[in-house]
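Understanding the architecture of this molecule
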Amino acid sequence: MSDPYLTTALVTGATSGIGAATVRALAASGRRVLAVARRAERLEKLADETGCTWFAGDVRDVDAIAAEIGRFEPDIVVNNAGVGHGITGLAGLDDAALREAVDINVLAPIRIAAAALPGMKARARGHVVNIGSIAGLHTLVSAVYGATKSAVHMFSQNLRFELVGAGIRVTEICPGRVASEFYQAAAGDETKLAAMGRSGITELTPDDVAAAILFAVDAPRHVNVAMIEILPTEQAVGGVVGKLVEAWKNGEGP
Ligand SMILES: NC(=O)c1ccc[n+]([C@@H]2O[C@H](COP(=O)([O-])OP(=O)(O)OC[C@H]3O[C@@H](n4cnc5c(N)ncnc54)[C@H](OP(=O)(O)O)[C@@H]3O)[C@@H](O)[C@H]2O)c1
């Protein structure tokens, strides 16, 4: 820890992928970590491995998360929990899934930040890290997912502006394709996942993204790493269509 003034961290979506990797990295850096997600048995295992404490809950249950924030007083909040509902297209997406996407990807990080800010302001230190996506910055494949992550982008931009002078930093991490359970969860079942195609590229690992998060939180206190866009070397956005989309359209996934 180069600047150990931010010593406690809450991470949502800690049972898998980027969240679990971030808990491991933050704990390895010597910080106290509160891991939050719904699957208790996975959290228990993560706690055995890393020494983190955990809370099994849904990020939509803001009262429960706010109570944990009150007890734990995190310096760092990593808003990572997210879902890819709608990634196979808006047509046919049921209303419940649409609402879940907005509630989990947009409302929850905003409400969790709102619950953490009074304590951070009182202590005059804090760091909100929001996991966005390249889908929130560029035109990709999903209207709904892109819209939710775009909301995360503008929330992060404006929150940083609101908090200038309060000693609280806001970082947005925008990954490209990451090898995690995300697409499996988004597709819903193996058949739909197979129909979407695999990327066929060497994807980012959750550890790659956790390293970017650690870079931001370990920065000296006068440095706010505002945004990190991090892509697999084999993925790029641009041209008429992204290369990944092109591959999907040609059915070139393995
Ligand atoms: N994978 C990618 O290619 C990619 C690219 C860019 C951005 N991202 C973003 O990165 C973040 C993490 O994704 P990932 O790739 O690590 O996916 P993942 O492996 O599917 O992990 C998602 C995590 O979110 C948690 N979660 C989902 N809904 C929740 C809820 N209602 N309450 C509490 N926790 C909930 C899940 O835990 P439980 O089910 O146990 O609750 C799980 O721990 C997401 O915000 C995603 O949008 C992913």
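The structure under discussion appears in the preceding block.
This section reports on the structure supplied with the text. (Residues numbered from 1 in each chain as written. Predicted model: local features only at pLDDT ≥ 70, side-chain atom pairs only at ≥ 80, totals over all residues.)

**Focus on helix H5 (residues 143–162)**
Across its 20 residues, H5 extends 28 Å between first and last C-alpha, which sits within 8% of the 28 Å expected from 1.5 Å per residue. Among the residues making up H5, those that are buried are Val144, Tyr145, Gly146, Thr148, Lys149, Val152, Phe155 and Ser156. Residues of H5 that are buried in the fold lie against helix H4 (95–123), strand E5 (126–131) and strand E6 (168–175). (Helix = DSSP H or I, 4+ residues; strand = E, 2+ residues; numbered from the N terminus. Expected span 1.5 Å × (residues − 1). Buried ≥ 20, exposed ≤ 12 C-beta atoms within 10 Å, placed from the backbone. Contact = placed C-beta atoms within 7 Å.)

**Focus: the site of the ligand**
Around the ligand, a shell composed of 29 residues is seen, among which Gly13, Gly17, Arg38, Gly82 and Ser180 lie nearest. Secondary-structure elements contributing two or more residues to the shell around the ligand are helix H1 (17–28) and helix H6 (182–187). A per-element tally of the shell around the ligand places H1 first, with three residues. (Near = placed C-beta within 6 Å.)

**Some thoughts on the packing of H1 against helix H8 (residues 206–218)**
Look at H1 against H8: their axes get within 8 Å of each other, and the N-to-C directions meet at 55°. The pairing of H1 with H8 is recorded here as oblique in orientation. Seen along the crossing, H1 lies across H8 with a hand that is right-handed. Residues Gly17, Ile18, Ala20, Ala21, Thr22 and Ala25 of H1 form the contact with H8, whose participating residues are Pro206, Asp207, Val209, Ala210, Ala211, Ile213 and Leu214. A class-by-class count of the residues in the contact of H1 with H8 yields 10 nonpolar, two polar and one charged. (Axes fitted to C-alpha atoms, helices over the stretch in contact; angles between N-to-C directions. Parallel < 35°, antiparallel > 145°, perpendicular 65-115°, else oblique. Left-handed = near helix turned anticlockwise from the far one by under 90°. Nonpolar A, V, L, I, M, F, W, Y, C, P; charged D, E, K, R; others polar.)

**Some details on unusual backbone geometry**
In this structure, Glu73 takes a positive phi of about 50° despite not being glycine. Turning to its location among the elements, Glu73 is positioned in the loop between helix H3 (62–72) and strand E4 (76–79). Look at Glu73 and you get partly exposed, because 16 C-beta atoms sit within 10 Å. Of note in the backbone geometry, Ala124 takes a positive phi value of approximately 55° without being a glycine. With respect to the helices and strands, Ala124 occurs in the loop between H4 and E5.

**So, the environment of Val128**
Here Val128 lies in strand E5. Measuring from C-alpha to C-alpha, the distance between Val128 and Ile168 comes to 7.6 Å, with 40 residues separating the pair along the chain. Setting aside residues no more than four positions away along its own chain, Val128 makes contact with Val77, Asn79, Ala113, Leu159, Ile168 and Val170.

**What about the nonpolar core?**
Core analysis: the biggest nonpolar cluster contains 59 residues, and Val11, Val23 and Ala35 have the highest contact counts within it. With sequence-adjacent residues up to four places away left out, Val23 is seen in contact with Val11, Ala14, Val33, Ala35, Leu46, Thr50 and Cys52. (Core = buried A, V, L, I, M, F, W, Y, C linked by C-beta atoms within 7 Å.)

**Concerning the environment of Ala66**
Within the secondary structure, Ala66 sits in helix H3. Residues Ala66 and Gln184, 118 residues apart in the sequence, show an inter-C-alpha distance of 30 Å.

**Description of H1**
In this model, H1 (12 residues) spans 17 Å end to end at C-alpha, consistent with the 16 Å of a helix rising 1.5 Å per residue. Burial runs high along H1: 11 of the 12 residues are buried. Listed as buried for H1 are Gly17, Ile18, Gly19, Ala20, Ala21, Thr22, Val23, Arg24, Ala25, Leu26 and Ala27.

**Section: the sheet that holds E4**
With respect to topology, seven strands assemble into an open sheet ordered E3-E2-E1-E4-E5-E6-E7, the strand pairing being parallel. For this open sheet the edge positions go to strand E3 (53–56) and strand E7 (227–230), each flanked by a neighbour on one side alone. Averaged over neighbouring strand pairs, the angle between their axes works out to 15° when direction is ignored. As paired elements, strand E1 (residues 8–12) and strand E2 (residues 32–37) share five bridges and run parallel to each other. If you follow Thr12 over to E2, its bridge partner there is Val36. Those strands touched by H4 are E1, E4, E5 and E6, and its axis lies near 175° from that of E4. The sheet strands contacting H5 are E5 and E6, and the helix crosses E6 at an angle near 160°. (Pairing = 2+ DSSP bridges.)

**Topic: the pairing of E1**
Most of E1 is tucked away: four of the five residues are buried. Read as a crossover between parallel neighbours, the route from E1 over H1 to E2 is right-handed. As paired strands, E1 and E4 are joined by three bridges and run parallel to one another. Within the sheet, the bridge partner assigned to Val11 lies in E4 and is Val78. (Right-handed = clockwise from strand over helix to strand, strands pointing away.)

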